[in-house]
Amino acid sequence: MRFLDGKVSITFNYNTDFVEPNSIRDIGRRRQTTCIVREVVPGQNTEDGRKIAEATTYQSPRDSDCKFIARKFALSRALKATKFDKKQRATIWKEYLEKVAIPGQKKDENVV
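(A) Just the overall build of the protein, in detail. A count of helices and strands for the protein gives 2 helices and 4 strands. Here the protein, with 112 residues, has 33% of them falling under the buried criterion. As presented, the protein carries roughly 7,500 Å² of accessible surface, and 49% of it is formed by carbon and sulfur atoms.

As structure tokens, this is what we get:
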């Protein structure tokens, strides 16, 4: 997805990986969501842009599997790592919430 008049691209990668258990209660399987924020160069593919920030969130095996929530946490962490000012971050959030469907709501009911 492109934001800030096509100057910024945000992509999400979602997968389930086996990670080494780090405690007795950890069963070893975790869902992870990675958010990558890139600067878009006009005339080039989105993936070719310079990486500005990347953030990964891990869900506990006991968490409900909701991609919307996982993406929200990953995007929040990635935006904190950028040097965007508050107004730019607010614009990205507004555009993002307009483009995605919030669970339990119809697309046209998204109000920011």
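(B) Expanded view of helix H2 (residues 86–99). With 14 residues, H2 should reach 20 Å at 1.5 Å per residue; the first-to-last C-alpha distance of 20 Å fits that figure. For H2, the complete set of buried residues consists of Ile-92, Tyr-96 and Leu-97. Mapping the buried residues of H2 onto a view down its axis gives an arc of 125°, with all of them on the same face.

(C) The arrangement of the side chain of Arg-31 in detail. Assignment of secondary structure puts Arg-31 in strand E3 (residues 29–39). Contacts of Arg-31, omitting those with residues within four sequence positions, involve Tyr-14, Asn-15, Thr-16, Thr-57, Tyr-58, Gln-59, Ser-60, Pro-61, Asp-63, Ser-64 and Asp-65.

(D) Structural context of unusual backbone geometry. We note that Leu-4 has phi near 50°; this positive angle belongs to a residue other than glycine. For Leu-4, the location among the structural elements is in the loop between strand E1 (2–3) and strand E2 (8–18). The class of Leu-4 is buried, set by a relative accessible area of 15%. Here Asp-5, not a glycine, exhibits a phi torsion of approximately 55°, which is positive. For Asp-5, the location among the structural elements is in the loop between E1 and E2. Of the residues examined, Asp-5 reaches a relative accessible area of 77% and is grouped as exposed.

(E) Quick look at the environment of Leu-79. Topologically, Leu-79 is positioned in helix H1 (residues 67–81). In this structure Leu-79 touches Phe-84, Arg-89, Ile-92 and Trp-93, once residues within four positions along its chain are discounted.

(F) Spotlight on the environment of Arg-2. Checked against the element boundaries, Arg-2 lands in strand E1. You can call Arg-2 partly exposed: its relative accessible area is 35%.

(G) Region of the structure containing the packing of aromatic side chains. All told, the structure shown has 2 aromatic pairs when counted by the stated rule. Aromatic pair Phe-12 and Tyr-96: ring centres 5.9 Å apart, planes at 50°, arrangement tilted. Of this pair, Phe-12 sits in strand E2 while Tyr-96 sits in helix H2, and the two are 84 residues apart along the sequence. Comparing Phe-12 with Tyr-96, the two get one shared label, buried. Judged by centre distance (6.1 Å) and plane angle (80°), the ring pair of Trp-93 and Tyr-96 falls under edge-to-face. Taken as a pair, Trp-93 and Tyr-96 lie in helix H2 at a separation of 3 residues, close to a single helical turn.

Reading the values: rules and limits
- Residues numbered from 1 in each chain as written.
- Predicted model: local features only at pLDDT ≥ 70, side-chain atom pairs only at ≥ 80, totals over all residues.
- Heavy atoms only, no water.
- Helix = DSSP H or I, 4+ residues; strand = E, 2+ residues; numbered from the N terminus.
- Buried < 20%, exposed > 50% of the residue type's maximum accessible area, 1.4 Å probe, protein only.
- Areas by Shrake-Rupley, 256 points an atom, 1.4 Å probe, with all protein chains shown as cover.
- Expected span 1.5 Å × (residues − 1).
- Arc of directions from axis to C-beta.
- Contact = heavy atoms within 4.5 Å.
- Phe/Tyr/Trp six-rings, centres within 6.5 Å; stacked < 30°, edge-to-face > 60°.

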